[in-house]
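# Examination of the molecular architecture
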Amino acid sequence: MLQLYDLKKSYGKTQALDGVSLNVSQGEILVVMGPSGCGKSTLIRCINRLTEPDSGEIFFKGKSVVDMSPEKLLRFRRRVGFVFQHFNLIQRLTVKENVMFGPVLSGMDSKQAEIRALEALNKVGLSENRDSLPRELSGGQQQRVGIARALALNPEIMLLDEPTASLDPILVGEVLDVMEDLARSTRATMIIVTHEVSFALKVADRIILMDHGKTVEEGIPTEIFAQPQSEIGKKYKRLLVA
Ligand SMILES: Nc1ncnc2c1ncn2[C@@H]1O[C@H](COP(=O)(O)OP(=O)(O)O)[C@@H](O)[C@H]1O
Ligand SMILES: [Mg+2]
């Protein structure tokens, strides 16, 4: 459903993406791993052009995303759920209002959007917190709101950029559990950037490793770390046996 061809992106002299090609199938859970600065966020943000690639092609269900007009791009983004590392919740809105925001923006009437929001909050186990403000929640709960907000759009694909990276270690688990549950219960297509190796091994259909703006290794969880060829793959393998 998603094809990337030779995506490139530079920031000045930094080559953040150095020719990445990737195919993602409908319903696939793809995990992207790699050291900090290797281009993971750039890659995932290029998919819905939150970051504009310099060159390359992106096809979503056969349509070029690179060629979309601004209006088409806005409509496309509503089909893509994006979960950010730093939650990006609107602090003056309640949990429910944060989750309703997307559907309302895309033209849904508020009653309908409220139903959608409550369904999404239910999926992440936060129905009871619907009227709280973000600051009244723990980091883990805030990120679950971030996930509910993405879900409320009924997205065709979910992109999650290190959703647990800014959480205390004790709060990581609840967010990983919600993500695992989603991956198993919905058959959403998901691309998840994460450093959580055991989560990746458990939930991914396929894992790709990036280094210096390129994909350097890819495989299914049971095989990817068996005989890694890349330096990064070898490092992850050492982490696993340690
Ligand atoms: N907006 C930006 N301006 C300048 N450099 C950037 C910007 N975003 C990313 N970079 C650089 O591009 C490289 C890849 O970054 P990023 O995609 O965020 O990596 P990752 O998500 O894997 O940590 C890094 O060297 C980073 O410093
Ligand atoms: Mg990043």
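Quick look at the structure, then. (Residues numbered from 1 in each chain as written. Chains lettered and ligands numbered in written order. Predicted model: local features only at pLDDT ≥ 70, side-chain atom pairs only at ≥ 80, totals over all residues. Heavy atoms only, no water.)

### Quick notes on the layout of surface pockets
Approximately 540 Å³ is the volume attributed to the largest pocket. Looking at the lining of the largest pocket, the elements that each hand over two or more residues are α2 (70-77), β6 (80-83), α3 (95-105) and α5 (139-151). Sort the elements by how many residues they give to the lining of the largest pocket and α3 lands first, with four residues. For the lining of the largest pocket, a count of residues per class yields ten nonpolar, five polar and three charged. Considering the residues around the second largest pocket, the lining is formed by Phe60, Lys61, Lys63, Ser64, Met68, Lys72, Arg75, Phe76 and Arg79. Within the residue set of the lining of the second largest pocket, elements represented by two or more residues are β5 (63-64) and α2. Here the element with the most residues in the lining of the second largest pocket is α2; it accounts for three residues. A breakdown of the residues in the lining of the second largest pocket according to their chemical character gives three nonpolar, one polar and five charged. (1 Å grid on protein atoms, 1.4 Å probe; cavity = no way out; pocket = protein on both sides within 12 Å on 5 of 7 lines; lining within 4 Å. Points joined across faces, edges and corners; volume = space filled by probe spheres on them. Helix = DSSP H or I, 4+ residues; strand = E, 2+ residues; numbered from the N terminus. Nonpolar A, V, L, I, M, F, W, Y, C, P; charged D, E, K, R; others polar.)

### Focus on the sheet that holds β6
Strands sit in the order β6-β7-β8-β3-β9-β10 across an open sheet of six strands; the sheet is mixed. Each of the sheet's edge strands pairs with one partner strand only, and the pair in question is β6 and β10 (214-219). The mean inter-strand angle of the sheet, taken between neighbouring strand axes irrespective of direction, is 15°. As judged from the four bridges shared by strand β3 (residues 29-33) and strand β9 (residues 206-211), these two strands associate in the parallel manner. Looking at the pairing, Met33 lines up with Leu209 of β9. (Pairing = 2+ DSSP bridges. Axes fitted to C-alpha atoms, helices over the stretch in contact; angles between N-to-C directions.)

### Some points on the site of ligand 1
Taken together, the neighbourhood of ligand 1 is formed by Tyr11, Thr14, Ala16, Pro35, Ser36, Gly37, Cys38, Gly39, Lys40, Ser41 and Thr42. Contacts to ligand 1 include Gly37, whose backbone N or O atom sits 2.6 Å from an oxygen atom. Lys40 places a side-chain nitrogen or oxygen 2.7 Å from an oxygen atom of ligand 1. About the coverage of ligand 1: the protein hides 59% of its 550 Å² of free accessible area. Of all elements in the fold, only β2 (14-24) and α1 (40-47) reach the threshold of two or more residues within the shell around ligand 1. Among the elements that line the shell around ligand 1, the one with the most residues is α1, at three residues. A class-by-class count of the residues in the shell around ligand 1 yields four nonpolar, six polar and one charged. (Near = heavy atom within 4 Å. Polar contact = N/O pair within 3.5 Å; in protein donor to acceptor, adjacent residues only side chain to side chain. Areas by Shrake-Rupley, 256 points an atom, 1.4 Å probe, with all protein chains shown as cover.)

### Regarding the side chain of Arg206
Looking at the secondary structure, you find Arg206 in strand β9. A distance of 2.5 Å separates the side chain of Arg206 from the backbone oxygen of Asn23, its partner in a polar contact. Setting aside residues up to four positions removed in sequence, Arg206 forms contacts with Leu22, Asn23, Val24, Glu28, Ile29, Leu30, Val31, Glu218, Gly219, Ile220 and Pro221. (Contact = heavy atoms within 4.5 Å.)

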